[in-house]
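Now for the letters of each chain:
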Amino acid sequence: MNYQTVLDFWFSAATQPLWFAKSDDFDQKIRDQFAQTLEQAKQCELYNWRETGEGRLAEIIVLDQFSRNLYRDQAASFAQDPLALSLAQETIQLGLDTKLRPEQRSFLYMPFMHSESGLIHEVALQLFEKLGNPVNLDFEKKHKVIIDRFGRYPHRNHILGRQSSPEEIEFLKQPNSSF
């Protein structure tokens, strides 16, 4: 498979409404088409995709987005986050993010939003401000508030086998406390 297949699928008009929706059918579609690609990405076997910004973006989508679909409600859904973040950081450092369309850059920057590091969220806030999409920026601000308050995402605690504090338990009772 080449990286363009990933981009064509992810940015298609049919897929866009499903980006952040929970759908067993969509998860299965990704499993059917991209499970092997995710396995390759997890082993860093897609390194040849990194020659272009679009190839890097495709690898990040596989690691950061497809993993959440394929391993929904499992700890493995977050296991690729450090690699996705590292690839995104390197892509930005090389200036390749500026060659991508804004919609594409939002997914290149998503690993910053998914991080549980306050320092990384400082950078994420700058990236999403610069991107100029108020919806993405609003979501980053909401994510950053949680990280600033708890140092982690409490909604991941159960999946990751972490003990929730009483404050986190109370927080999780609030509407829209999970992403």
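Numbering of residues starts from 1 in every chain and runs along the sequence as written. For a predicted model such as this one, the threshold for reporting local features is a pLDDT of at least 70, and the threshold for listing and counting side-chain atom pairs is 80 or more; totals across whole chains, interfaces and linings nevertheless cover every residue. Calculated side-chain values reflect all of the structure's heavy atoms, with hydrogen atoms and water omitted.

## Looking at the domain arrangement of the protein chain
Turning to step 1, where the next piece is worked out: An automatic or database domain assignment provides the domain bounds reported here. Split by domain assignment, the protein chain resolves into domain 1 (1–114) and domain 2 (115–178).
Turning to step 2, where the next piece is worked out: The C-alpha-based centres of domain 1 and domain 2 are spaced at 20 Å.
Turning to step 3, where the next piece is worked out: Residues count as neighbours in contact if any of their non-hydrogen atoms are within 4.5 Å of one another. Tallying the contact residues gives 18 residues for domain 1 and 17 residues for domain 2.
Turning to step 4, where the next piece is worked out: Here's the idea: put two parts together, see how much 1.4 Å probe accessible area each one loses, and the total over both is what we call buried area. Between domain 1 and domain 2 lies a buried interface of about 1,400 Å² when both sides are counted; carbon and sulfur atoms form 72% of it.
Turning to step 5, where the next piece is worked out: For domain 1, the biggest contributors to the area lost against domain 2 are Phe-78, Phe-112 and Met-113; these three give 45% of the whole.
Turning to step 6, where the next piece is worked out: For salt bridges, the criterion is a side-chain nitrogen of Lys or Arg within 4 Å of an Asp or Glu carboxyl oxygen. In this structure, the connection of domain 1 to domain 2 is made through one salt bridge.
Turning to step 7, where the next piece is worked out: Contacts described as polar in this section are N or O atom pairs within 3.5 Å, which, within protein, must combine one atom able to donate a hydrogen with one able to accept it, while residues neighboring in sequence count only if both atoms come from side chains. Between the two partners, domain 1 and domain 2, sit six residue pairs in polar contact (both at pLDDT 80 or more).
Turning to step 8, where the next piece is worked out: For the side of domain 1 that touches domain 2, the secondary-structure elements that each account for two or more residues are helix 4 (81–93) and helix 5 (102–114).
Turning to step 9, where the next piece is worked out: Here the element with the most residues in the side of domain 1 that touches domain 2 is helix 5; it accounts for nine residues.
Turning to step 10, where the next piece is worked out: Residues were grouped as follows: Ala, Val, Leu, Ile, Met, Phe, Trp, Tyr, Cys and Pro as nonpolar; Asp, Glu, Lys and Arg as charged; and all remaining residues, including Gly, as polar. Grouping the constituent residues of the side of domain 1 that touches domain 2 by class yields 10 nonpolar, four polar and four charged. Secondary structure elements follow DSSP: runs of H or I no shorter than four residues count as helices, runs of E no shorter than two count as strands, and numbering proceeds from the N terminus.

## Side note on unusual backbone geometry
Turning to step 1, where the next piece is worked out: The phi angle at Cys-44 is positive, at roughly 60 degrees, despite the residue not being glycine.
Turning to step 2, where the next piece is worked out: Summarising the element assignment, Cys-44 is placed in the loop between helix 2 (24–42) and helix 3 (53–70).
Turning to step 3, where the next piece is worked out: Its identity is not glycine, yet Asn-176 carries a phi of approximately 60 degrees, on the positive side.
Turning to step 4, where the next piece is worked out: Here Asn-176 shows up in the segment after helix 9 (166–172).

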